[in-house]
Amino acid sequence: MQRMVIQRIWIGLATLWVVSVMVFIMTAALPGDVAAIVLGQSATPESLAAYRAERGLDQPLVFQYFGWLGSLMTGDLGISKAGGATISSLIAGRLYNTMLLAAIVAVISVPVSVMLGLLAAMYPGTWIDRVLTFGTLSLISVPEFFIATFMVLILAVKLQWLPAIANISGDETYLELLRGLAMPLITLIIVVAAQMIRMTRAGILNVMNSPYIEMAILKGVRRNRIILRHAFFNTIGPIVNVIALNLAYLVSGVVIVETIFAYPGLAKLMIDGVQTRDLPLVQACAMIFCGTYVVLIILADVAAILANPRLRNPK
Amino acid sequence: MTDATQGAETEAEEGKTIYDELPDAPPKKKLKLSWTGKIGVALVAFWIIMVIVGPWVAPFHEADIIADDSYLGPGYVTEGEGTHWLGTDYLERDILSRILWGARMTVGISFIATLLAYAMGVTAGIAAAVKRGWYDMILSRINDAILSLPTIMLGLLIVVAFGSSIPILIGTAAVIYASSVFRIARAFGQEIMVMDYVEAAQARGETIWWIIFREVLPNAVMPLATDFGLRLVFVVLFISSLSFLGLGIQPPAADWGSMVRQNLEGLQYGSLAPVWPALAIASFTIAINLIVDDVSAKSGGDLAKKMIS
């Protein structure tokens, strides 16, 4: 088991490295010359060259890559090419905002969706299952901005309960903060929960189709007891897997949601960086997002290994 | 007419081959859809027709700025022009017309991208399963790296790096989603390569391509078809999301994702302008999922059904 887990972590690290190369190459291919953008109208050939030399932009890409990777390892994310501020200082506050959003979404959506998924699996074919299946199916088939648009229409425009823009400055009271966070929170919770409910239901029903459950049915064990005593414990692994996968899925949901509600998070910072061609900033943000994603996927895989007795106790 | 020629005729009519008459030929199953599945089929059919005839059915051109005002309500009549059944958008254009034109962009482009993703993914995946070795190793590692990135993040980087044009958009979506197709096709190929009937075919001395097309693929049609549907949904969502972020299809071409974004402001004036294109996306993607659900419910999950009765 240990060998499998360690192997999985190594593969994860290798993936991270490939990701770093991909992120670097793609951002290096971004059109537009940063020096020209930063210096603007006042640029002379000499000042452009001086700027490039100062920021190491005149070096070959390979050197730039290893220089970047080296400082990334030591936690030095570099200096924003547009503003001149250190990227760490730019990111710190934004990262906190995004983590706050993701954490609240996770805390609310995980227990609710596992319960609802279990409920749907316990009573398959009943109206409760049908409502959940059809509802979640509809929700996972629409884009995040669809749900966000409707939330704005209903909660902000028609009912006027909540602001349509999530403006967080940092000096609000908790109530104000919660009001500001409400729209992005609701949208993300709906998106993530729908996915999780479906996967939980599918995971449990999958176990329900295995021979030992059929045996239990044949010997006359009651249905609720089968699900809670026989099936549930074998679905913990798949469910933990589902949770980790969906938290990873939050990464992409966050991009859209932060843009719609102008939420001052990391994704918004990255999109802004894309527009100003701020390479170090985009690289750093992309690495944080992709790194988080890879780590969560590894966790999902390790959970799956740990939860499977056959993998846990090899012969 | 003798019996023999008659037999030959019916054979030609139904396109039967000796292959279908083998004792182990798969039974022909008829697919019966539930009412939700039928709604799905109807909606998908409607949008496919609109992809083809949309521009001719639409009352106005997608770029026509003809209305009296922006954000007019549904059913407003512009004198001398006609009725705006779904109202007008932020640039005084007819929303219904733009949605019908946009079907070509959103659905059409997504469909081409998915087809391309399938062509690449299935070919590479089955080849990896059949050839194994270094070939498989390299393809799988590249694939893992692509799969381990959030799709929207990857799309964002590619589109920003290479600019946003329709070919780039199709290529990006195709490469990203080819990687998940590759994974499935490879797993499927590996599973089937060890089946007895494949070994039997190899023992008969059949070539590898004969085995793939006559033995492996026919067994994979149903799962691959349902997967194609799901993949198409993902591509539609992916392309609409990029358009929504302003990095997808560029104006003035109408596309559902960017229509939502551009008209988002209208909500504050009580206009439903962003809601209609959002509903168009939802109607298409939900419809596909309804069909896929129906099809996959037919295969498996029997025991759970037994427990209710």
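As the structure is a prediction and not an experimental result, all values here were calculated from the model.

Q: How do you make sense of the confidence of the model for chain B when you look at a structure like this?
A: The predicted coordinates should not be examined in detail at positions where pLDDT is low. All names here are of chain B. Per-chain confidence: chain B averages 75 in pLDDT, with 77% of residues scoring 70 or above. Put simply, helix 11 (residues 302–308) is where chain B has its lowest mean pLDDT, 38, and helix 3 (residues 95–131) is where it has its highest, 85. Contacts from residues 1–13, a stretch scored under 50 in pLDDT, to residues over four places away or in other chains number 4 contacts. Scoring of the predicted complex yields 0.77 for pTM and 0.74 for ipTM.

Q: Is there a simple way to think about the packing of aromatic side chains in this case?
A: How two aromatic rings sit relative to each other is set out by the distance from centre to centre and by the angle between their planes. Residue and element names in this part refer to chain B. The full count for this structure, using the stated rule, is 7 aromatic pairs over all chains. Each ring, one from phenylalanine 111 and one from phenylalanine 228, has its centre 5.9 Å from the other, and the planes form 80°; the classification is edge-to-face. Taken together, the residues span a long stretch of sequence, with phenylalanine 111 in helix 3 and phenylalanine 228 in helix 8 (residues 208–244) at a distance of 117 residues. We classify phenylalanine 111 as partly exposed; its relative accessible area is 38%. Linked through ring pairs, Phe46, Trp47 and Trp256 together constitute an aromatic cluster.

Q: When you look at the pattern of salt bridges in this model, what are you seeing that I'm missing?
A: Pairs may arise between side chains of opposite charge once their charged atoms sit close together. All names here are of chain A. Throughout the structure, instances matching the rule amount to 3 salt bridges over all chains. Salt-bridge contacts for arginine 201 lead to aspartate 129; the nearest nitrogen and oxygen are separated by 2.8 Å. A residue pair is termed long-range when its members are at least 10 positions apart, and arginine 201 in helix 8 (residues 174–208) and aspartate 129 in helix 6 (residues 127–140) qualify at 72 residues. Using a relative accessible area of 3% as the deciding quantity, one classes aspartate 129 as buried. Aspartate 272 is the salt-bridge partner of lysine 268, the closest N and O atoms lying 3.6 Å from each other. With a gap of 4 residues between them, lysine 268 and aspartate 272 both fall in helix 11 (residues 266–276), about one helical turn apart. Looking at aspartate 272, the relative accessible area reads 28%, which means it is partly exposed.

Q: Quick question: what am I supposed to make of the environment of B:Glu199 here?
A: Residues and elements named next belong to chain B. You can see glutamate 199 is positioned in helix 7 (residues 196–204). Taking the relative accessible area as the measure of exposure, glutamate 199 reaches 47% and is therefore partly exposed. Taking the C-alpha atoms as reference, glutamate 199 lies 45 Å from serine 283; in sequence the two are 84 residues apart.

Q: Which parts of the structure should I look at to understand the interface of chain A and chain B?
A: For an interface, size is often stated in terms of accessible area lost upon the parts coming together. Every contact between the two is made by 51 residues of chain A and, on the other side, 45 residues of chain B. Taking both partners together, chain A and chain B bury about 4100 Å²; carbon and sulfur atoms supply 82% of that area. For the pair chain A and chain B, the interface holds 0 salt bridges. The interface formed by chain A and chain B holds 0 residue pairs in polar contact (both at pLDDT 80 or more) in total. Every element with two or more residues in the side of chain A that touches chain B is listed here: helix 1 (2–28), helix 6, helix 7 (144–158), helix 8, helix 9 (211–218), helix 10 (223–260), helix 11 and helix 12 (279–307) of chain A. Per-element accounting of the side of chain A that touches chain B gives the leading share, 8 residues, to helix 7 of chain A. Of the residues that constitute the side of chain A that touches chain B, the class distribution is 36 nonpolar, 10 polar and 5 charged.

Scoring rules and cut-offs
Residues numbered from 1 in each chain as written. Chains lettered and ligands numbered in written order. Predicted model: local features only at pLDDT ≥ 70, side-chain atom pairs only at ≥ 80, totals over all residues. Heavy atoms only, no water. pLDDT = per-residue confidence, 0-100. Helix = DSSP H or I, 4+ residues; strand = E, 2+ residues; numbered from the N terminus. Contact = heavy atoms within 4.5 Å. Phe/Tyr/Trp six-rings, centres within 6.5 Å; stacked < 30°, edge-to-face > 60°. Buried < 20%, exposed > 50% of the residue type's maximum accessible area, 1.4 Å probe, protein only. Salt bridge = Lys/Arg side-chain N within 4 Å of Asp/Glu carboxyl O. Buried area = accessible area lost by both parts, 1.4 Å probe. Polar contact = N/O pair within 3.5 Å; in protein donor to acceptor, adjacent residues only side chain to side chain. Nonpolar A, V, L, I, M, F, W, Y, C, P; charged D, E, K, R; others polar.

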